[in-house]
Amino acid sequence: GGVHAQNARATSLSKPHICGPMSAPRTVKCWAAAKPKAALEEVCMEVPSLGPHGVELRVQFCGLCGSDVHLINSDGGYADFTGFAVGKPQVCGHEVIGIVTAVGEEVTHVKVGERAGIGWQNGACHECEWCKKGDEQLCASVKATCCEGNVGAFADYVRIQDGKFCFAIPEACDSAQTAPLLCGGQTVWTPLVQQTKDGDKVGILGLGGLGHMAIKFASALGREVTALSGSASKAEEAKALGAHAFVSHSDQSQLDALAGTLDFILVTLATTQTVDFSKFFPLLRPRGTICFVGMCPPITADVFTLGFTMNNITTSNTGGRKEMESMLAFCAEKGIGASVVLRPMDEVNACLAELESAKHAKRFVLTRD
């Protein structure tokens, strides 16, 4: 059986093809959770035929994201979007780079044999107000790569039906270091380019997977970056990533010295624990903004006090296709990539356990032969 499977896989790799709408479904080998919080097991699952706008990738690299953990655990609001909710296993993976092995007849921007990537979003209507503005992530018909029963990229192949969400990867970009940018990177890139400007004093709160990418981007974009962490031991690491200053928010005297100096704070914390954000609002200048991109529990704010300084509380969610394309071009120009740890995909369970137990600045990237 194993030899037959290997021969079949070798044959499929040697014959890239263009698929029309009647192309056959494909059986993929993937790592799936049969129920919430279950260990992932390698199984075979069928993915649908490619339509005229579809793209198939042979997976080479797939980043491991906090959202994958939340989906597998069926945490909070994620529960409604899991495969479990529609009676299917959950197959994660949405920071994928690989080789295009098939395209629908209407797809022209990527070609068979080329390197390409897919992020969190894999579909939109392209006709609503938000899509026309380039904010496809706000479309009411948004679809996600590994939600609602879609088979994600913890697999040998991944298919999406809306090829507009498959992106050519610039030649200068390293595949492994670019994979985490396709969700985590875009998540911090979008608010930094939309809500800050050159010369702004920007605080990055949280120095995990999102935070380290935010520091790299903010510094390269010409912002004056202050890293904010409860762990004083992260100071050297933050400055190596490009932070101009480091403040331990567990030291009230350091927070007092920073009060009223920041134009923008990007909150990258991902936690299920209640966090008292009241100590961070005073760090903002008048009209300053605190923006949440990490998944946090509900927050409280003293709007009476915030009203005196006219501060803003905002959120941001991945980004549209234009943000993905501008981010990739910027990374190619500046030589920016995520700090990554490479592991073979069959070690995915160990990586998930480590991701849940440790908060560090490197992103796991799963590899396939």
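Parameters at a glance
- Residues numbered from 1 in each chain as written.
- Predicted model: local features only at pLDDT ≥ 70, side-chain atom pairs only at ≥ 80, totals over all residues.
- Heavy atoms only, no water.
- pLDDT = per-residue confidence, 0-100.
- Contact = heavy atoms within 4.5 Å.
- Helix = DSSP H or I, 4+ residues; strand = E, 2+ residues; numbered from the N terminus.
- Buried < 20%, exposed > 50% of the residue type's maximum accessible area, 1.4 Å probe, protein only.
- Axes fitted to C-alpha atoms, helices over the stretch in contact; angles between N-to-C directions.
- Parallel < 35°, antiparallel > 145°, perpendicular 65-115°, else oblique.
- Left-handed = near helix turned anticlockwise from the far one by under 90°.
- Nonpolar A, V, L, I, M, F, W, Y, C, P; charged D, E, K, R; others polar.
- Salt bridge = Lys/Arg side-chain N within 4 Å of Asp/Glu carboxyl O.
- Phe/Tyr/Trp six-rings, centres within 6.5 Å; stacked < 30°, edge-to-face > 60°.
- Lys NZ or Arg CZ within 6 Å of the ring centre and 35° of its normal.

Engineer: Residue-level account of the confidence of the model for the protein, with values.
Structural biologist: Low pLDDT marks stretches whose predicted atomic positions should not be read closely. In this model, the protein carries a mean pLDDT of 92, and residues with pLDDT of at least 70 account for 93%. Segment residues 1-22 is flagged for pLDDT under 50; beyond a separation of four residues in sequence, or across chains, it makes 27 contacts in the model.

Engineer: Explain the environment of phenylalanine 264 to me, using residue names and the numbers behind them.
Structural biologist: Examined against the element boundaries, phenylalanine 264 turns out to sit in strand E14 (residues 262-267). Since its relative accessible area comes to 1%, phenylalanine 264 is described here as buried. For the pair phenylalanine 264 and valine 202, spaced 62 residues apart in the sequence, the C-alpha separation amounts to 4.9 Å. Other than its neighbours up to four places away in sequence, phenylalanine 264 contacts Pro191, Leu192, Gln195, Thr196, Lys201, Val202, Gly203, Leu284, Thr289 and Cys291.

Engineer: So what's going on with unusual backbone geometry? Residues and values would help.
Structural biologist: In this structure, serine 74 takes a positive phi of about 55° despite not being glycine. Positioned with a positive phi, methionine 310 is a non-glycine residue whose angle comes to about 50°. Structurally, the position occupied by methionine 310 is in the loop between helix H9 (303-309) and strand E16 (312-315). For methionine 310, a relative accessible area of 45% corresponds to the partly exposed category.

Engineer: Let's hear about the packing of helix H5 (residues 184-195) against helix H6 (residues 209-220): which residues, and what values?
Structural biologist: Running from amino to carboxyl end, H5 crosses H6 at an angle of 45°, the nearest separation of the two axes being 9 Å. Comparing their axes, H6 and H5 come out oblique. Here H5 runs over H6; the crossing is right-handed. Contacts between H5 and H6 involve Gly184, Gly185, Thr187, Val188, Trp189 and Leu192 from the former and Leu210, Met213, Ala214, Phe217 and Ala218 from the latter. Classifying every residue of the contact of H5 with H6 gives eight nonpolar, three polar and no charged.

Engineer: An account of the pattern of salt bridges is needed here, citing residue identities and associated values.
Structural biologist: All told, the structure shown has 10 salt bridges when counted by the stated rule. Put simply, arginine 159 and glutamate 56 hold a salt bridge, and the shortest N to O gap is 2.8 Å. Note that arginine 159 is positioned in strand E9 (residues 157-160) and glutamate 56 in strand E4 (residues 55-63), a separation of 103 residues in sequence. This pair shows no difference in class: arginine 159 is buried, exactly as glutamate 56 is. Among the ionic pairs, glutamate 129 bridges to lysine 133, the shortest N-O distance being 3.1 Å. Overall, glutamate 129 belongs to the partly exposed group, its relative accessible area being 47%. With relative accessibility at 47%, the residue lysine 133 sits in the partly exposed group. By sharing partners, the salt bridges in this structure join Arg26, Glu56 and Arg159 into a single network.

Engineer: How would you explain the packing of aromatic side chains if you had to name every residue and give the values?
Structural biologist: This structure, assessed with the given rule, holds five aromatic pairs. Note on tryptophan 189 and phenylalanine 217: the rings are 5.2 Å apart at their centroids and 70° apart in plane angle, and the pair reads as edge-to-face. With tryptophan 189 in helix H5 and phenylalanine 217 in helix H6, this residue pair connects regions lying 28 residues apart in the sequence. As far as burial versus exposure is concerned, tryptophan 189 and phenylalanine 217 are alike and both buried. Ring geometry for tryptophan 189 versus phenylalanine 330: centroids 4.9 Å apart, planes at 45°, classification tilted. Linking tryptophan 189 in helix H5 with phenylalanine 330 in helix H10 (residues 321-334), this pair joins segments that are 141 residues apart in sequence. Looking at tryptophan 189, the relative accessible area reads 4%, which means it is buried. Here the basic side chain of arginine 26 rests over the ring of tyrosine 157, its NZ or CZ set 3.8 Å away from the ring centre.

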